[in-house]
Amino acid sequence: MSGMDRRLAWAVTALALGALVACQQSAPPPSARPTPAVSPSPRLSSGPAPAGVPLVLFRHAAALAPSWDSGAGWDGHFYDLTKPVVGVVSPDGEHLLDYSVGAVVADRDTGAQNDLGMSPLNARWADDNRHLCLVLDRPGSPGSVGPNGRKQEGLTDLWWVDSVSGDRRLIAHFGSWAFNGWVPNITACSAAADLAALDMPAVKNANYNELYVVRVSTGALIQNVHISADSYPVMSHDGSLTAVNDTTGGGASLFETVAWSPAGALHGLEVRGMAWDRSTFLVVDPATAGTINQGTMNPRLVDRTGKVLWRSPADSFLDGVVAEPGGSLVAVAFLSPCRPPTCPGQLWIVGSSTAVLVSSYASIA
């Protein structure tokens, strides 16, 4: 699998869900490995999800419908949703955007819906849980329809949209998204940092990708970084820290995004997620394949020194990572070693001093 295939496979999985200053240390021997408090078995359901509580959404039942029927609290509690919901989930788990047809925002607790009247190619919630970054075709741009019924070429725009009022503002114009048929990946969308970022193949050039970083309020270009076609970026929730993962085995290089200044490295590992406060990082083995049938990842949590704080069972395949809004915990979903429903995945809440197995799951938002 090529670096671009692997990067985009991860982007799809992550959307379906969210600075190291020293080199990664070698794994300690079993006797020296950390032993944070671990729940001995999955939690039982605590009943209906309380309104207004931040949750990680997932599908507990092995149903075919692409909807979330359960939630995990950051305290490790497991809840049932009163009504299944569908769509891209806001950081707090309370709002969803379904853009499979149009763009409809729904409230997790009340079920209230708001049609934004748009048809985005890609979408990401901002860290204020209200605004959205949306990638749309530029009106009037040339394009052709492929076998799957979707446009195969055209120009793109990045929009900032208020999910409540529907107010929208064009942030920036970009080039063609059609090269190799890939939709640009929104790698950061932040109201707090006034920053958005987009990763896309260079126009008519397969040798590198372009990471665009812009100011949300003005559209001013902060950075336009050329990244190897064998690499992909993972950013903190506010875009302030970027991990550039080299899928050929070089590991992750860290950068303070705005200045694009080096901020450390994780040699021989790939960063797949960061805690909201940037204190811990979810990493996997390098150059791992894009599907569970092709490789393993062995996800683990490390601190800023590279010390392993938690690790999954051997040969696990990472499914998703979600950062606790405003906190230091991460939710980690992984398969070990096969796919649901034959082997349901495991959903954990982990941090520097805690590791709680919340539930088995069929799919995670």
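What counts and how
Residues numbered from 1 in each chain as written. Predicted model: local features only at pLDDT ≥ 70, side-chain atom pairs only at ≥ 80, totals over all residues. Heavy atoms only, no water. Buried < 20%, exposed > 50% of the residue type's maximum accessible area, 1.4 Å probe, protein only. Helix = DSSP H or I, 4+ residues; strand = E, 2+ residues; numbered from the N terminus. Pairing = 2+ DSSP bridges. Disulfide = S-S within 2.5 Å. Salt bridge = Lys/Arg side-chain N within 4 Å of Asp/Glu carboxyl O. Axes fitted to C-alpha atoms, helices over the stretch in contact; angles between N-to-C directions. Phe/Tyr/Trp six-rings, centres within 6.5 Å; stacked < 30°, edge-to-face > 60°. Polar contact = N/O pair within 3.5 Å; in protein donor to acceptor, adjacent residues only side chain to side chain. Contact = heavy atoms within 4.5 Å.

Caption draft 1: A look at the pairing of strand β23 (residues 280-284). Among the five residues that make up β23, five are buried, leaving the element largely enclosed by the rest of the structure. Where strand β22 (residues 270-274) folds back on β23, the antiparallel hairpin that results is connected by five residues, among which arginine 278 adopts a positive phi of roughly 65 degrees.

Caption draft 2: Spatial organisation of the state of the cysteines. A complete count under the given rule lists one disulfide for this structure. In this model cysteine 133 forms its disulfide with cysteine 189; the gap between the sulfur atoms is 2.2 Å. Negative torsions about the S-S bond denote left-handed disulfides, and the value of about 85 degrees found for cysteine 133 with cysteine 189 makes this one right-handed. Here cysteine 133 is found in strand β11 (residues 131-137), whereas its partner cysteine 189 is found in strand β14 (residues 185-190), with 56 residues between them in sequence. With respect to class, cysteine 133 is no different from cysteine 189; both count as buried.

Caption draft 3: Structural detail: the pattern of salt bridges. Taken as a whole and assessed by the stated rule, the structure comprises five salt bridges. Of the charged contacts in the structure, one is a salt bridge between arginine 278 and glutamate 256, with a shortest N-O distance of 3.1 Å. In this pair, arginine 278 is assigned in the loop between β22 and β23 and glutamate 256 in strand β20 (residues 251-256), connecting sequence segments 22 residues apart. Of the residues examined, arginine 278 reaches a relative accessible area of 18% and is grouped as buried. On the basis of relative accessibility, which here comes to 27%, the residue glutamate 256 falls in the partly exposed class. Here aspartate 285 and arginine 300 are joined by a salt bridge, their closest N and O atoms 2.8 Å apart. Within this pair, whereas aspartate 285 is found in the loop between β23 and β24 (300-303), its partner arginine 300 is found in strand β24, the two being separated by 15 residues in sequence.

Caption draft 4: Seen up close, the environment of alanine 362. Along the chain, alanine 362 falls in the loop between β29 (354-361) and β30 (363-364). Taking the relative accessible area as the measure of exposure, alanine 362 reaches 18% and is therefore buried.

Caption draft 5: Inspection of the sheet that holds β22 at higher detail. As summarised here, the arrangement of the four strands in space is β22-β23-β24-β25, forming an open sheet in which the pairing is antiparallel. Among the strands making up the open sheet, the edge pair consists of β22 and β25 (308-311). Adjacent strand axes in the sheet meet at a mean angle of 30 degrees when their direction is disregarded. Sheet topology note: the β23/β24 ladder contains four bridges and is antiparallel. The residue bridging leucine 282 from the neighbouring strand is leucine 301, located in β24.

Caption draft 6: Layout of the packing of aromatic side chains. Enumeration according to the criterion identifies four aromatic pairs in this entry. Between the aromatic rings of phenylalanine 58 and phenylalanine 78, the centroid separation amounts to 5.7 Å while the plane-to-plane angle is 35 degrees, which identifies the pairing as tilted. With a gap of 20 residues between them, phenylalanine 58 in strand β3 (residues 55-59) and phenylalanine 78 in strand β5 (residues 78-85) connect regions that are remote in the sequence. Ring geometry for tryptophan 310 against phenylalanine 334: centres 6.1 Å apart, planes inclined by 50 degrees, an arrangement best described as tilted. Highlighted residues: tryptophan 310 in strand β25 and phenylalanine 334 in strand β27 (residues 330-335), separated in sequence by 24 residues. Across the pair, exposure class does not vary: tryptophan 310 and phenylalanine 334 are buried alike. Site record: aromatic cluster; members linked through ring pairs are Trp310, Phe334 and Trp348.

Caption draft 7: Inspection of the side chain of serine 163 at higher detail. Structurally, serine 163 can be placed in the loop between β12 (155-162) and β13 (168-176). What makes serine 163 buried here is its relative accessible area of 6%. Within polar-contact distance, the side chain of serine 163 engages the backbone oxygen of arginine 130 at 2.5 Å. Discounting residues that sit within four places of it in the chain, serine 163 has contacts with Val105, Asn114, Leu116, Trp125, Arg130 and Leu132.

The quantities given are spatial measurements derived from coordinates; they are silent on function.
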